[in-house]
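A closer look at the structure
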Amino acid sequence: MYVVIEAKELTKAYDEITVVDIPHLEIRQGESLGLVGNNGAGKTTLFRMILDLIEPETGEVLSKGGNVRTVEAWKWYTGAYLDESFLIGFLSPEEYFEFVGGLHDLSREAVAEALEPLANFFNGEILGKGKFIRDLSRGNQQKVGIAAALLAEPEVLILDEPFSSLDPTTQIRLKNLLQELRATRSVTMLISSHNLNHVTEVCERITVLEDGCIVRDIQTSDSTLSDLEAYFTV
Amino acid sequence: MTARRRSLGATLLCHQWRQACRSPYWHRSLAVKIVLGFFIAFLLLNLFGLGLAVDHILVSAFPGEDVLSKFNSFLLYFFGLDLVLRFLLQKLPILPIQHYLHLPIPRSDLVHYAIVKSTLSFFNLIPVFLFYPHAFKQISPELSPLSAVLWLAALTGLALANGFLASYLKRQLSATPASVTIAAAALVVVGLLDYYEVIGLSGLSTSLFSRFFHSPILLAVPLGLLVLSYRANYALLLRHTYVDQVTAASRVPAATRADALAARFGTVGALLTLELRLLWRNKRPKSVAFMSLFFLPYGLMTYGGDGGPFGDSMGFLVGVGIFMTGAFMFNYGQFLISWESAYFDRIICANISFRDYILAKYALLAGGCAACFLITTPYVYFGVHILLINAAALLYNVGVNSFLLLYLATFSRRRIDISKSSMFNWEGVGPAQFLLLLPTILIPILIYLPFSFAQPAWGIGALALFGAAGLLSSRVWIGLLTERLRQQKYTMAAAFRIG
């Protein structure tokens, strides 16, 4: 399988404190990479550099071989949700999905169709409520953001802590949804999480980030969860 | 109890102070605050001067009339105007109540604090600087010190009551808009009746306020009004301190015509739809857009040409034309990109080409200019030349100024909370906002003047020509702006994220 995302000599520093320092990282097509690390390890910064939201100090991120900063093709095949700054508070969820879908040339009907498999994930709390996104609870806002990332059948999916603020039922449904996407459409995934259980179940490869550096990079096996637990027990 | 309450007030004040000076805006907009401070000090100084000199002014303006009665005759107008201005400009006594409701603090204390704090207002300083000098310089020697004190006490009470009344009405506006509209209409009717001398407000004003000189018992009236307005505010606020009301959710309007726009024009259409929703559904952009309507009657004051400082000077009319046809553009455009600061990350990593993004913003500004031009077409009543000037101004605004505003928008570095009201809201206001108005209005006048020395029509033609040239080369400008945005997006996004 070919390499979809590649980071080369990637560094980022704020006030001379290095927050990301990744000499080399490759994610192959269809691979699901789980990113774990304590607060401040640099997960979100890495994601933002992959999505061209911040400029790297040195190095570059390639998506299908093109630098994300200059070649913008990745925007068409990448779905991402990092935080609330991806949501537009004064729209209803439907309007937001239509906006994002419309950018991918999806008609209103196509958007509705794409949302059908997510009905279970929404648990009846998102669509047809007549509420603006800004008035939804945090968990429901998170659902809207994740659904928008999935909307246009992305080849690459990037999610920052997708399980946080979701209720237990929805966490399990999301986990199933992601596993299904991996199996049926072989979506390339990059997912960060503080929940070691979920991330080891969803991802076949786990990367541990500490102070901006990759300190572990392992293929998930039966012992991965206990290894990680041991690693994070200080 | 009182000691505890006072310490609560001090603590809350301290929190609010910290909130203000720890906000990232504090340092960045310090210059703005200092300028504003000087401006207010200057205004107060002027008021003080007016208060001292008012007897001379009245004597020379109305010779032979009693100065004290004449002064009193204006007071009813003063309080009327004061009420209107307070209603428009005064901030509501709001407190970030949510942070305190779960703590062992009586709800009533929080409300009292919020109301009492609202008296720390610029408007309450006006009577101090305007009336106190008059009272001590004129009333006290002419009548007696007691009369001066009584009169002052009455006026101070009325000013405070006016402040509370304005807050009350403003709060009711969101609850029962009809009642406030009726009150406003009544005020206008009374004003008109007075203007056409059906009723005599000034006479009424004199007889009302002159009574305060001699009768201490009458003080009960302003005091009663003060207590009444305070209690009304208190009751209203107390009812609205529950968290679910503080953050009242609004419902999505069912059908929207804007959707058709998105379908017809692809990404640019989708962005325009988004922008229109931003405009209609959020307090600050909405009130800023509405504010541009107040620019439009400007022509009424300047056309008609019976003098005025500039008379019928055509160069001045060019400025007026730019100002009016650009009303929406100048108001809304000063935060063109900052409006979207809360979801700017979404914009820059969605599959929206920056060219489309710029195009959508440009279309909005151009549409706004065209709408303002259409609204101002009735000014043709004052002469065809007005229409021609405004058409040239429209062309110039669309062809030159809109690109200038788009360029300035790429300098925005401040996050804006679009749900907050816009009156005296300095969030996101920086040097760029002040610099912006100068070239957009001065340059067209400078273009007009040299040509107009030959013939005014040439000047207007030159202005239109500049606009047309900008419009014809729009491809170049949009390309440059796209490149500029591409370079600036990281700095902007980082600044917007910090908040």
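Above: the structure in question.
Residues numbered from 1 in each chain as written. Chains lettered and ligands numbered in written order. Predicted model: local features only at pLDDT ≥ 70, side-chain atom pairs only at ≥ 80, totals over all residues. Heavy atoms only, no water.

1. As for the nonpolar core
Where a protein is soluble and globular, its nonpolar side chains tend to be buried together. The condition that has to hold: What we call a nonpolar core is a set of buried Ala, Val, Leu, Ile, Met, Phe, Trp, Tyr and Cys residues that are connected through their side-chain atoms within 4.5 Å. In this scheme, a residue with accessible area under 20% of its type's maximum is buried, one over 50% is exposed, and one in between is partly exposed, where area comes from a 1.4 Å probe on protein chains only. Only heavy atoms matter for contacts: two residues are in contact if any of them lie within 4.5 Å across the pair.
Counting residues in each nonpolar core, the largest one holds 143 residues, and the members touching the most others are A:Tyr96, A:Phe97, A:Ile158 and A:Leu178. Among residues more than four places away in sequence, those in contact with A:Ile158 are A:Ile5, A:Phe47, A:Ile50, A:Leu51, A:Thr78, A:Gly79, A:Ala80, A:Tyr81, A:Leu82 and A:Leu190. By size, the runner-up hydrophobic cluster in this structure holds 27 residues, among which are B:Leu68, B:Leu75, B:Trp151 and B:Leu152.

2. Let's talk about the sheet that holds strand β5 (residues 66-67) of chain A
Residues and elements named next belong to chain A. Here is the rule we go by: Strand pairing follows a simple DSSP-based rule, namely that at least 2 bridges must link the two strands. The way it works is that DSSP assigns letters per residue, a run of H or I at least four long becomes a helix, a run of E at least two long becomes a strand, and they are numbered from the N terminus. Simply put, an axis is a line fit to the C-alpha atoms, just over the touching stretch for a helix, and the angle between two N-to-C directions goes from 0 to 180 degrees.
Pairing within the open sheet is antiparallel, and its four strands lie in the order β2-β1-β4-β5. At either end of the open sheet lies a strand with only one pairing partner, and these are β2 (17-28) and β5. Alignment of strand β1 (residues 3-14) against strand β4 (residues 58-63), held across five bridges, turns out to be antiparallel. Considered in β4, the bridge of alanine 7 is made with valine 61. The sheet contacts of helix α1 (residues 43-50) involve β1, β2 and β4, and relative to β1 the element is tilted by about 120°.

3. With respect to empty space enclosed by the protein
Our working definition: Only protein atoms enter the 1 Å grid used here, on which a cavity is any set of points holding a 1.4 Å probe that cannot leave and a pocket is any open set flanked by protein within 12 Å on both sides along at least five of seven lines; residues with an atom within 4 Å of a point are listed as lining. Grid points are joined across faces, edges and corners, and a volume is the space filled by probe spheres set on the points. Polar here means any residue outside two lists: the nonpolar Ala, Val, Leu, Ile, Met, Phe, Trp, Tyr, Cys and Pro, and the charged Asp, Glu, Lys and Arg; Gly therefore counts as polar.
Summed over all chains, the structure comprises five cavities of 30 Å³ or more. The computed volume of the largest cavity comes to approximately 160 Å³. Surrounding the largest cavity, 19 residues form its lining, A:Thr78, A:Gly79, A:Ala80, A:His104 and B:Arg346 being those nearest its centre. Looking at the lining of the largest cavity, the elements with two or more residues in it are α2 (74-77), β6 (78-81), α3 (93-103) and α6 (138-150) of chain A together with α19 (344-349) of chain B. Residue classes in the lining of the largest cavity are distributed as 13 nonpolar, four polar and two charged. Taken as a whole, the second largest cavity holds about 50 Å³ of empty space. When contributions to the lining of the second largest cavity are tallied by element, the ones reaching two or more residues are β4 and β7 (156-160) of chain A. Among the elements that line the lining of the second largest cavity, the one with the most residues is β4(A), at three residues. Here the residues of the lining of the second largest cavity are counted per class, giving nine nonpolar, two polar and no charged.

4. As for unusual backbone geometry
Glycine aside, the phi torsion of most residues is negative, and most peptide linkages are trans. The backbone of A:Asp15 shows a phi angle near 50°, a positive value even though the residue is not glycine. Inspection of the secondary structure assignment puts A:Asp15 in the loop between β1 and β2.

5. Re the environment of B:Lys117
Residues and elements named next belong to chain B. By the element assignment, lysine 117 lies in helix α7 (residues 107-117). Linking lysine 117 and leucine 13, residues 104 residues apart in sequence, is a C-alpha distance of 8.6 Å. Excluding anything up to four places from it in sequence, lysine 117 contacts Leu13 and Gln16.

6. Observations regarding the interface of chain A and chain B
Note the threshold: Here the buried area means the combined drop in accessible surface, using a 1.4 Å probe, for two parts upon being joined, counting both sides. The term salt bridge refers to a pairing of a side-chain nitrogen on Lys or Arg with a carboxyl oxygen on Asp or Glu at a separation within 4 Å. In protein, a polar contact means a hydrogen-donor-capable atom and an acceptor-capable atom, both N or O and within 3.5 Å, with residues adjacent in sequence counting only if both atoms are side-chain atoms; elsewhere, any N or O pair within 3.5 Å suffices.
Facing the 33 residues of chain A at the interface are 32 residues of chain B. Across the interface of chain A and chain B, roughly 3,000 Å² is buried in total on both sides, 55% from carbon and sulfur atoms. Ranking the residues of chain A by area buried against chain B places A:Leu53, A:Phe90 and A:Leu103 at the top, with a combined share of 22%. Counting every contact that joins chain A to chain B gives four salt bridges. The salt bridge involving B:Arg281 is made with A:Glu95; its shortest N-O contact spans 2.6 Å. Scanning the region where chain A abuts chain B turns up 15 residue pairs in polar contact (both at pLDDT 80 or more). Mapped onto the side of chain A that touches chain B, the elements with two or more residues apiece are α2 and α3 of chain A. For the side of chain A that touches chain B, the element with the highest residue contribution is α3(A), accounting for five residues.

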